[in-house]
Amino acid sequence: MRAFREAVEAGDLAALEALLAEDVVFASPVVFKPYPGKAITAAILRAVSGVFEDFRYERELTGADGRDHALVFTARVGDRELSGCDFIHVDEDGLIDELTVMVRPLSGAQALAAAMGAQFDRIAKEAEARSAAAS
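Each residue is numbered by its place in its chain's sequence as written, counting from 1. Under the rules for a predicted model, residues below a pLDDT of 70 receive no local features and side-chain atom pairs below 80 are neither given nor counted, while totals for whole chains, interfaces and linings still include all residues. To obtain the side-chain values, all non-hydrogen atoms of the structure were included, while hydrogens and water were left out.

**A closer look at the overall build of the protein chain**
1) Next: Counting its regular elements, the protein chain contains five helices and six strands.
2) Next: We count a stretch as a helix when DSSP gives it H or I for four or more residues in a row; a strand needs E for two or more, and each element gets its number in order from the N terminus. The order of α-helices and β-strands along the protein chain, N terminus first, is α-α-β-β-α-β-β-β-β-α-α.
3) Next: Since a compact globule built from 135 residues should have a radius of gyration of about 14 Å, the 14 Å found for the protein chain is in line with a globular shape.
4) Next: Across its three principal axes, the protein chain shows a C-alpha extent of roughly 40 × 40 × 30 Å.
5) Next: A simple rule labels every residue: compare its accessible area, found with a 1.4 Å probe on the protein chains alone, to the largest value its type can have, and call it buried under 20%, exposed over 50%, or partly exposed in between. Each of the 135 residues in the protein chain was classed as buried or not, and the buried ones make up 42%.
6) Next: Contacts are assigned to residue pairs that have any heavy atoms within 4.5 Å of one another. Within the protein chain, counting contacts between residues at least 6 apart in sequence, those at least 24 apart form 48% of the total.
7) Next: Using a 1.4 Å probe, the Shrake-Rupley method yields the accessible areas, and only the shown protein chains count as cover for residues. Carbon and sulfur atoms provide 54% of the accessible area of the protein chain, an area that totals close to 7400 Å².
8) Next: Here the protein chain contributes 14 positively and 23 negatively charged side chains, and the mean placements of these two sets differ by 6 Å. As defined in this context, the radius of gyration uses C-alpha atoms, and a globule is described by 2.2 Å times the residue total to the power 0.38. Charged residues are defined narrowly, with Lys and Arg counted positive, Asp and Glu counted negative, and His plus the chain ends left uncounted. Charge placement uses NZ in Lys and CZ in Arg. For Asp and Glu, CG and CD serve respectively.

Set out below in structure tokens:
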């Protein structure tokens, strides 16, 4: 999805959040249970933007119906290099309703899990505050 890619590459977190449906579901590469909702997904995306270094998209694939997208990327977390893919599905309004991220190798996923885990209390509080403000 071009708009998502451009927002990520520009570091435009407000534009990124505007692309998310209220009922978006985020599936993490390192946590089994998905995270439902715009507030938590946006908070996770803001946090990961500070964790990934040397992030760049390398390829973009789009399904025949235009609602499924795959963005292949490379990045670094500390001294660990990783590659991954953002799998995106958009709803009938063109908003992201599913975002699944996968990364490899295991050492990169472990570094990502540790870096994000260290921030997760802050992420959860930020999401809770945004949800309350939106209500």
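Read on, since the account is not over.
**Digging into the packing of helix α3 (residues 38-51) against helix α4 (residues 106-117)**
1) Next: Across the interface, α3 lies against α4 with an axial gap of 10 Å and an inter-helix angle of 120°. Of the possible angle classes, the one that applies to α3 and α4 is oblique. For the crossing formed where α3 meets α4, the hand is right-handed. Across the interface between the two elements, I44, A47, V48 and V51 of α3 pack against L112, A115 and M116 of α4.
2) Next: The residue classification treats Ala, Val, Leu, Ile, Met, Phe, Trp, Tyr, Cys and Pro as nonpolar and Asp, Glu, Lys and Arg as charged. All others, Gly included, are polar. Class assignment for the residues of the contact of α3 with α4 results in seven nonpolar, no polar and no charged. Axis definition: a line fit to C-alpha positions, over the contact stretch in the case of helices; interaxial angles, taken between N-to-C directions, run 0 to 180 degrees. Should an angle lie under 35 degrees it is considered roughly parallel, over 145 roughly antiparallel, and from 65 to 115 roughly perpendicular; all remaining angles are considered oblique. Crossing handedness is read from the near helix: turned anticlockwise from the far helix by less than a right angle, it gives a left-handed crossing, and turned clockwise, a right-handed one.

**Here's the deal with the environment of A115**
1) Next: By secondary structure assignment, the location of A115 is in helix α4.
2) Next: With a relative accessible area of 21%, A115 lands in the partly exposed category.
3) Next: For the pair formed by A115 and A47, sequence separation is 68 residues and the distance between their alpha carbons is 9.5 Å.
4) Next: When neighbours within four sequence positions are excluded, A115 is seen to be in contact with V51 and V77.

**Let's talk about the pairing of strand β4 (residues 68-77)**
1) Next: The buried fraction of β4 amounts to eight of the ten residues, a majority that puts the element mostly inside the structure.
2) Next: At least two bridges found by DSSP between two strands is the condition for calling them paired. By the bridge criterion, seven bridges tie strand β3 (residues 53-62) to β4 in an arrangement that is antiparallel. In the strand pairing of β4, E53 is matched with R76.
3) Next: If you look at the hairpin formed by β3 and β4, you'll find five residues sitting between the two strands, and G66 has a positive phi there, around 80°.
4) Next: Strand direction decides the pairing type here: β4 and strand β5 (residues 80-90), joined by ten bridges, are antiparallel. Opposite R76, over in β5, you have E81 as the bridge partner.
5) Next: Between β4 and β5, which pair antiparallel in sequence order, lie two residues; one of them, G78, sits at a positive phi of approximately 60°.

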